[in-house]
Amino acid sequence: MSSALTDLVPLPIVQAPMAGGVSVPRLAAAVSEAGGLGFLAAGYKTADGMYQEIKALRALTARPFGVNLFMPQPEYAEPAAVEVYAEQLAGEATWYEADLGDPDSGRDDGYEAKLAVLLDNPVPVVSFHFGCPTPEVVESLARKGTLTLVTATSVEEAQAVERSGAHAVIVQGVEAGGHQGTHRDDPERDCAGIGLLSLVAQVREAVALPMVAAGGIMRGGQIAALLMAGVSAAQLGTAFLATPESGAHAVHKQALTNPLFVRTELTRAFSGRPARGLVNRFLREHGPYAPVAYPDVHHLTSPLRKAAAQAGDAQGMALWAGQGHRMARDLPAGKLVEVLTTEIAAAQAEQASAWVGGRAAGDRTGSEG
């Protein structure tokens, strides 16, 4: 990790900022208190809502933490396509006795207002999703002592992150749960995501920035392997989603290891942007027809998802999860950080022993020859 981040965080473990009420202050505080980097998700919140969560988190811990922002989205959607999708969802609205949401509820997620709050009340780390901030924004945050991280899902995006002046790049593999952090929502790339290890290797050769790896990481052994591959830290989402401190719905937590949900898929069904979730009825029935329309579809389906959650119906919820979801552990967040740290140390010791043993065997073979 870069020296600035190393000084902040003793362990190479970052809790992913999961929007929608999952990354609550108590979760971020537990991770930070255990030596990792806890994160709040500002996505889908108002600027004041974000500020109130920051205050609540600061009351729980004096350790460093981060806040994640969604970049404003350009106009991609065709209104007619969204209207057609709304008609297709009419049966869902009837079933859940809920009205569809207004697809025109805003595209910028209050970005400028949230930036203003973070400049007036600086936090240790800010990360960005769905795009890259301007060098001016990165510099303004740096002047306040804030480190910046930006998600990238390709070499080209990582290079854009480097040009922005950000302190580190979050390399997100296609295995990751929730939304892919692509800088531009290109439907031609829906099936073109890159696996984490391949992407890490490519980005390492293309940019000089420290890397934080994200995507399907559930065990300390995986983190150790990624550290060997050149990353500075690992960002885990699904692993922390299952903890009691997470704000995820109980049905969502249970679904991670429920044998009814055997796999994940990338889908536009719930938000209009590719996001990985457990395959349920809603995803199967509506995913093939969902338009390229974020955040329009997110706003449209929001009441349906809330109604499904209130009814305890996992088949109508957005069950975001990474490919390693079956490995989720029902552990308190601080204990999970502790277990991951022990697993990292054990894997690193095993790697070192294997290297020494292999070298010794090679020496013996050479002397015998």
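About the cut-offs
Each chain carries its own residue numbering, running from 1 in the written order of its sequence. Local features in a predicted model are, by the rule used here, given only for residues with pLDDT of at least 70; side-chain atom pairs are given and counted only at 80 or more, and totals for whole chains, interfaces and linings are based on all residues. Note that the side-chain values use all heavy atoms of the structure and ignore hydrogens as well as water. When a residue's accessible area, from a 1.4 Å probe over protein chains only, is under 20% of the maximum for its type it is buried; when over 50% it is exposed; and in between it is partly exposed. For the purposes of this entry, the term helix denotes a DSSP run of H or I that reaches at least four residues, the term strand denotes a run of E that reaches at least two, and both are numbered from the N terminus. In this description, one arc is meant: the one made by directions from the helix axis to the C-beta atoms. Contacts are assigned to residue pairs with any non-hydrogen atoms lying within 4.5 Å of each other. Only protein atoms enter the 1 Å grid, on which a cavity is a set of points fitting a 1.4 Å probe that cannot get out and a pocket is an open set with protein on both sides within 12 Å along at least 5 of 7 lines, lining residues being those with an atom within 4 Å of a point. Grid points are joined across faces, edges and corners, and a volume is the space filled by probe spheres set on the points. We call two strands paired when DSSP finds no fewer than two bridges between them.

Undergrad: Please explain helix α6 (residues 111-120) as it appears in this structure.
TA: Within the sequence span of α6, burial applies to Y111, K114, L115, V117 and L118. Take α6 and look down its axis: the buried residues cluster within an arc of 160°, on one side only. The outward face of α6, more than 90 degrees from its buried face, is lined by the exposed residues E112 and D120. The inward-facing, buried residues of α6 contact α3 (47-60), β3 (65-70), β4 (125-129) and α7 (135-143).

Undergrad: Teacher, can you tell me more about empty space enclosed by the protein here?
TA: If a probe as big as a water molecule is rolled over the atoms, it shows which places are left empty. Counted under the stated rule, the structure contains two cavities of 30 Å³ or more. Approximately 150 Å³ is the volume found for the largest cavity. Q180, T182, R189, D190 and P274 are, among the 14 residues lining the largest cavity, the residues nearest its centre.

Undergrad: What am I meant to see in the side chain of T148 here?
TA: If you trace the backbone, T148 turns up in strand β5 (residues 147-152). T148 has contacts with V126, F128, V138, L141, A166, H167 and A168, leaving out every residue within four places of it along the chain.

Undergrad: Would you take a moment to explain the sheet that holds strand β11 (residues 275-278) for this structure?
TA: Hydrogen bonds along the backbone pair up the strands of a sheet, which may run parallel or antiparallel. Read across the sheet, three strands follow the order β7-β11-β10 without closing on themselves; strand pairing throughout is antiparallel. Of all strands in the sheet, those with a lone pairing partner are β7 (178-179) and β10 (264-267), marking the two edges. As paired strands, β10 and β11 are joined by four bridges and run antiparallel to one another. What sits directly across from E265, in β11, is G277.

Undergrad: Hey, could you run me through helix α9 (residues 196-206) in this one?
TA: Since the α-helix packs 3.6 residues into each turn, any two residues three or four apart lie on the same face. Along α9, the positions that sit buried rather than exposed are L196, L199, V200 and V203. End-on, the buried residues of α9 take up no more than an arc of 100°, which puts them together on one face. Exposed and oriented more than 90 degrees from the buried face of α9 are L197 and E205. Those residues of α9 hidden inside the fold are in contact with β5, α8 (155-164), β6 (168-172), β8 (211-214) and α10 (220-228).

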